[in-house]
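Residue-level structural notes
Each chain, letter by letter, is given below.
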Amino acid sequence: MSSFLRSAETDQQPLSPVRAEAQYRPVSSHLAIAPPVSVVIPAMNEAENLPYVFKTLPEWIHEVVLVDGNSTDDTVAVARGLWPDVKVVEQRGKGKGDALISGFAACSGDIIVMVDADGSADGAEIVSYVSALVGGADFAKGSRFANGGGTDDMTPVRKLGNRVLTTVVNAKFGARYTDLCYGYNAFWRHCLDQIALDCAGFEVETLMNIRVVKAGLKVQEIPSHEYNRIHGVSNLRAVRDGFRVLKVILRERSTRHRRPARPAMITGEAS
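About the thresholds
- Residues numbered from 1 in each chain as written.
- Predicted model: local features only at pLDDT ≥ 70, side-chain atom pairs only at ≥ 80, totals over all residues.
- Heavy atoms only, no water.
- Helix = DSSP H or I, 4+ residues; strand = E, 2+ residues; numbered from the N terminus.
- Buried < 20%, exposed > 50% of the residue type's maximum accessible area, 1.4 Å probe, protein only.
- pLDDT = per-residue confidence, 0-100.
- Contact = heavy atoms within 4.5 Å.
- Polar contact = N/O pair within 3.5 Å; in protein donor to acceptor, adjacent residues only side chain to side chain.
- Patch = residues over 30% accessible without salt bridge, like charges linked within 9 Å, V, L, I, M, F, W, Y side chains within 5 Å.
- Areas by Shrake-Rupley, 256 points an atom, 1.4 Å probe, with all protein chains shown as cover.
- Salt bridge = Lys/Arg side-chain N within 4 Å of Asp/Glu carboxyl O.
- 1 Å grid on protein atoms, 1.4 Å probe; cavity = no way out; pocket = protein on both sides within 12 Å on 5 of 7 lines; lining within 4 Å.
- Points joined across faces, edges and corners; volume = space filled by probe spheres on them.
- Nonpolar A, V, L, I, M, F, W, Y, C, P; charged D, E, K, R; others polar.
- Axes fitted to C-alpha atoms, helices over the stretch in contact; angles between N-to-C directions.
- Parallel < 35°, antiparallel > 145°, perpendicular 65-115°, else oblique.
- Phe/Tyr/Trp six-rings, centres within 6.5 Å; stacked < 30°, edge-to-face > 60°.
- Lys NZ or Arg CZ within 6 Å of the ring centre and 35° of its normal.

Overview of the overall build of the chain
When its secondary structure is counted, the chain shows eight helices and 13 strands. Residues classed as buried in the chain amount to 48% of the 271 residues present.

Details of the confidence of the model for the chain
Summarising the model, the chain shows a mean pLDDT of 85, and 82% of its residues fall at 70 or more. The low-confidence segment residues 1-16, where pLDDT is below 50, has 22 contacts with residues more than four positions distant or belonging to other chains.

Brief notes about the side chain of S71
Topologically, S71 is positioned in the loop between strand 5 (63-68) and helix 2 (75-82). A polar contact of 2.5 Å, which involves the side chain of S71, links it to the side chain of D68. In this structure S71 touches A43, M44 and N45, once residues within four positions along its chain are discounted.

Regarding helix 4 (residues 126-134)
Buried residues of helix 4: I126, Y129, V130, A132, L133 and V134, and no others. In this structure, the buried residues of helix 4 make contact with strand 3 (31-33), strand 4 (37-43), strand 7 (111-114), strand 8 (139-143), strand 10 (185-188) and strand 11 (219-223). Once helix 4 finishes, G136 follows within two positions and takes phi at roughly 130°, a positive value.

Examining a nonpolar patch on the surface
Together, F243, L246 and L250 make up a nonpolar patch on the protein surface, roughly 310 Å² of accessible area in all. For L246, a relative accessible area of 31% puts it in the partly exposed group.

Here's the deal with the environment of V115
Position of V115 among the secondary structure elements: in the loop between strand 7 and helix 4. Each C-alpha atom, one on V115 and one on Y184, is 5.6 Å from the other, the two residues being 69 residues apart in sequence. Residue contacts for V115: discarding those within four places in its chain leaves V39, V40, I41, P42, V53, A121, I126 and Y184.

Description of the layout of surface pockets
Here the second largest pocket defines a volume of roughly 160 Å³. In terms of lining, the second largest pocket is formed by G174, A175, R176, Y177, V212, V213, G216, L217, V219 and E221. Within the residue set of the lining of the second largest pocket, elements represented by two or more residues are helix 7 (204-214) and strand 11. Residues of the lining of the second largest pocket, tallied by class, amount to six nonpolar, two polar and two charged.

Some details on the packing of helix 3 (residues 96-106) against helix 7
It is at 9 Å that the axes of helix 3 and helix 7 come closest, and there the two elements cross at 60°. Taken as axis vectors, helix 3 and helix 7 run oblique relative to one another. In contact with K96, G97, L100 and F104 of helix 3, helix 7 contributes V204, E205 and M208. When grouped by side-chain class, the residues that make up the contact of helix 3 with helix 7 number four nonpolar, one polar and two charged.

Brief notes about the packing of aromatic side chains
Two aromatic rings, taken as a pair, are described by how far apart their centres are and by the angle between their planes. Here the structure, examined in full by the defined rule, presents five aromatic pairs. For the ring pair F104 and F187, a centre distance of 5.2 Å and an interplane angle of 85° mean the geometry is edge-to-face. Remark: F187 occurs in strand 10 and F104 occurs in helix 3; sequence separation between them is 83 residues. According to the relative accessible area criterion, F187 is buried, its value standing at 0%. Clustering of aromatic rings is evident, with ring pairs tying together F104, F139 and F187. Stacked on the ring of Y177, the Lys or Arg K141 has its end atom at 5.2 Å from the ring centre.

This is the structure we're talking about:
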């Protein structure tokens, strides 16, 4: 049976507002959606990896937003060659969090998907994230440790650190996560009003996971497989970034989350 994001012929309200002019996009043999989907890809010197990343992206997505972190290689040119309509945002600050916030601000879709530019994520999984959202979730969170997930990239030290930090967040915030530090996620754009992102580094993923729980949003974990980076070297440093994640956890535990009048965003320049 096909699933559609439409108003039923009852008094029930649709899961999300559907634009009058929206066209339904076939996503799979069992799902068609009206909400446009934006994919945000933060990238710095990832020209060699982008062909693998873009190859897995489904054709039915609404737009690709590439946030370029002042690359010195052909990252932007390669992206435009692979996806002519790609929206390029020039990052003004530094860090993954800053890049994502800039990319989110440039999105026009109702659903936003975060995808890394190193080739570790399979774009074919996006259908699972979108299905969870149109099925009623506010935030679809990728997990390498849920049944059906996996990772080729994590060292034993990183796995242990991730497990400890996940346990702490579950205990302190009442979450039931199986994976904390993973950057493959999707959410309705209106969620940005409630989580007000305000950090620049890798810890942005943890901040999002904590604030969606504090905001009372409905979260669904999506089993995901993380592959090895194809080319280049990761900027991730297990000990350094682990302490930054812990700092975010402690800060969020000691402060009450108040819904802001509008999302705190860093505006990038799109071209």
